[in-house]
Amino acid sequence: MRALPVVHDRLHQPTEPNLMNRFLISLLRDERDLPFLYLVLRISFTLIPLGLLLFMPLPALYWWPLAVGYLILNFLFKSPYGLMLHCISHRRLFKKEYEWLMIWIVWVVGVFIGHTPHTYFSHHIGMHHPENNMPEDESSTMPYQRDSFKDFLKYLLNFLVVGLYELIQYLNRKNRKLLAQRAMKGEFSFFIFCVIMLIVNFKAACVVFVLPFIFLRMIMMVGNWTQHSLIDHDEPGNPYKNCITCINVKYNHKCWNDGYHSSHHARQALHWTEHPSAFLGSVDVYAANKAIVFDRLDFGQVFVALMRKDYEKLADHVVNVGNTFGSRDEVIATLKARTRKFTKDELLQFMGK
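Here is a short report on the structure shown in this document. Since the model is a prediction, treat every value here as computed from it, not as a measurement.

Some words on empty space enclosed by the protein
Logical step 1: The final tally for this structure, using the stated rule, is 2 cavities of 30 Å³ or more.
Logical step 2: As a volume, the largest cavity reaches approximately 180 Å³.
Logical step 3: Along the wall of the largest cavity there are 20 residues; nearest its centre are His 86, Cys 87, Leu 270, Trp 272 and His 275.
Logical step 4: Broken down by element, the lining of the largest cavity gets its largest block of residues, 5 residues, from helix α4 (residues 60-90).

Details of the side chain of Thr 141
Logical step 1: Positionally, Thr 141 belongs in the loop between α6 (119-131) and α7 (149-173).
Logical step 2: Thr 141 has contacts with Asn 133, Arg 146, Tyr 155, Asn 224, Trp 225, His 228 and Ile 231, leaving out every residue within four places of it along the chain.

Here we look at the packing of aromatic side chains
Logical step 1: Evaluation of the coordinates by the stated rule reveals 22 aromatic pairs.
Logical step 2: Consider the rings of Phe 36 and Trp 256, whose centres lie 4.8 Å apart with planes at 85 degrees: the pair is edge-to-face. Of this pair, Phe 36 sits in helix α2 (residues 34-45) while Trp 256 sits in the loop between α10 (250-254) and α11 (261-266); the two residues are 220 residues apart in sequence, bridging distant segments of the chain. Summarising the burial analysis for this pair, Phe 36 and Trp 256 share the class buried.
Logical step 3: When the ring of Trp 63 is compared with that of Trp 64, the centres are 4.7 Å apart and the planes differ by 85 degrees; the resulting orientation is edge-to-face.
Logical step 4: A network of ring pairs unites the aromatic residues Tyr 144, Phe 149, Phe 152, Tyr 155, Trp 225 and Phe 303 as a single cluster.
Logical step 5: When the ring centre of Trp 63 is taken as origin, the NZ or CZ atom of Lys 203, which lies over that ring, is 4.3 Å away.

Notes on unusual backbone geometry
Logical step 1: Here the phi dihedral of Lys 309 falls at roughly 55 degrees; this positive angle occurs in a residue that is not glycine.
Logical step 2: Here Lys 309 shows up in the loop between α14 (299-307) and α15 (311-317).
Logical step 3: The exposure class assigned to Lys 309 is partly exposed, which follows from its relative accessible area of 45%.
Logical step 4: One non-glycine residue with positive phi stands out, namely Asn 323, at about 50 degrees.
Logical step 5: Here Asn 323 shows up in the loop between α15 and α16 (328-339).

Topic: the environment of Tyr 155
Logical step 1: Checked against the element boundaries, Tyr 155 lands in helix α7.
Logical step 2: Residue Tyr 155 is classed as buried on the basis of its relative accessible area of 3%.
Logical step 3: Excluding its chain neighbours within four sequence positions, the residues that come into contact with Tyr 155 are Ser 139, Ser 140, Thr 141, Tyr 144, Met 221, Asn 224 and Trp 225.
Logical step 4: At 2.8 Å, the side chain of Tyr 155 forms a polar contact with the side chain of Asn 224.

Comments concerning the nonpolar core
Logical step 1: Of all hydrophobic cores here, the largest spans 73 residues; its most connected members are Ile 43, Met 84, Phe 294, Leu 314 and Leu 335.
Logical step 2: It is α4 that contributes the most residues to this core, 10 residues altogether.
Logical step 3: The contacts of Ile 43, once residues within four sequence positions are left out, are Ile 48, Pro 49, Phe 77, Tyr 81, Val 109 and Ile 113.
Logical step 4: In terms of nonpolar packing, the next biggest core, distinct from the first, is built from 11 residues, Val 7, Ile 247, Phe 279 and Val 321 among them.

Things to note about the environment of Asn 18
Logical step 1: Mapped onto the fold, Asn 18 is located in the segment before α1 (19-25).
Logical step 2: You can call Asn 18 partly exposed: its relative accessible area is 25%.
Logical step 3: Each C-alpha atom of the pair Asn 18 and Met 218 lies 40 Å from the other, and the pair is 200 residues apart in sequence.
Logical step 4: A distance of 3.3 Å separates a polar atom in the side chain of Asn 18 from the backbone nitrogen of Met 20.
Logical step 5: Within the structure, Asn 18 has its side chain in polar contact with the backbone nitrogen of Asn 21 (distance 2.7 Å).

A word on the layout of surface pockets
Logical step 1: Volume-wise, the largest pocket comes out at about 1,100 Å³.
Logical step 2: Surrounding the largest pocket, 44 residues form its lining, Ile 219, Met 220, Met 221, Gly 223 and Asn 224 being those nearest its centre.
Logical step 3: Those elements giving two or more residues to the lining of the largest pocket turn out to be α4, α6, α7, α9 (202-227), α10 and α14.
Logical step 4: Ranked by residues supplied to the lining of the largest pocket, first place goes to α9 with 12 residues.
Logical step 5: Per-class residue counts for the lining of the largest pocket are 22 nonpolar, 16 polar and 6 charged.
Logical step 6: Put simply, the second largest pocket is a space of about 560 Å³.
Logical step 7: Around the second largest pocket, the lining comprises 20 residues; the ones closest to its centre are Met 102, Val 106, His 118, Phe 121 and Arg 182.
Logical step 8: Of all elements in the fold, only α4, α5 (102-113), α6 and α8 (177-200) reach the threshold of two or more residues within the lining of the second largest pocket.

Reading the values: the criteria
Residues numbered from 1 in each chain as written. Predicted model: local features only at pLDDT ≥ 70, side-chain atom pairs only at ≥ 80, totals over all residues. Heavy atoms only, no water. 1 Å grid on protein atoms, 1.4 Å probe; cavity = no way out; pocket = protein on both sides within 12 Å on 5 of 7 lines; lining within 4 Å. Points joined across faces, edges and corners; volume = space filled by probe spheres on them. Helix = DSSP H or I, 4+ residues; strand = E, 2+ residues; numbered from the N terminus. Contact = heavy atoms within 4.5 Å. Phe/Tyr/Trp six-rings, centres within 6.5 Å; stacked < 30°, edge-to-face > 60°. Buried < 20%, exposed > 50% of the residue type's maximum accessible area, 1.4 Å probe, protein only. Lys NZ or Arg CZ within 6 Å of the ring centre and 35° of its normal. Polar contact = N/O pair within 3.5 Å; in protein donor to acceptor, adjacent residues only side chain to side chain. Core = buried A, V, L, I, M, F, W, Y, C linked by side-chain atoms within 4.5 Å. Nonpolar A, V, L, I, M, F, W, Y, C, P; charged D, E, K, R; others polar.

Have a look at this one:
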């Protein structure tokens, strides 16, 4: 266990008032989102040209090193772009008159990263947050033993095979038909586009579009699994008891404070730069709920520790907020209890059936 440390996660930094910054800020609803536009520009002028170059008739001597470079660059951009998309799904990025610029971000940049247009928004805003990882959330982790790699593979396979079908069924059932239509439009447009590109240049299309898409889906499920891996059986709908928080990690600087998952579910519209302060301002709430906060352990490290059932390592990084835990053994017992899967009867009970 650890005492509450000084928090060093990313806060808003005043921007230099140069011509480029002033122009980009003029497009935005909130100038604190300026780093998003620079991320989009970096992807647009590096990853996309490199991807297009792979469709050119280059000698194998040059093509394969460029392909490896593309995949490495794609991997480096994947999480920052994905969590930027997360932020701008909750808070609009552009002023109304410039919202058409989202076409480039969603339909062009996102496709190179592996995102099918609008599917993420429909899933995340249309289902995940309204259901809050509860049983009606088709990506809920509740039915699974969350320290079991076997159960994680079941979770991943279910999402890859029937995830879209379940999302569409859910959105139609909840009368969110526009979101269902957008998800289907984005998903099938991407698949048709990929088929055409595979015909044009099979090898390049696999590297530029297909592999990033498959890898992205896997990463997204690792993230959701880990973020909702520790759930209190008495209050599974409580965001302080069904999410984890990771502080003081490089991931938060790279991915817009995504480690603050409890505060995000509690206050969805909170700006990404405000999460560290919001956390420190509500430590009493975290303490009262025995919320699980990890210091210097990110989601990927938590996932690996869970799959290894290394509860000692997890306990060593848990922040004892408000001295709510009496001992290390109590922390370990709490962690183990919160990874236990919910029975069918329990799931039905929380669904009100």
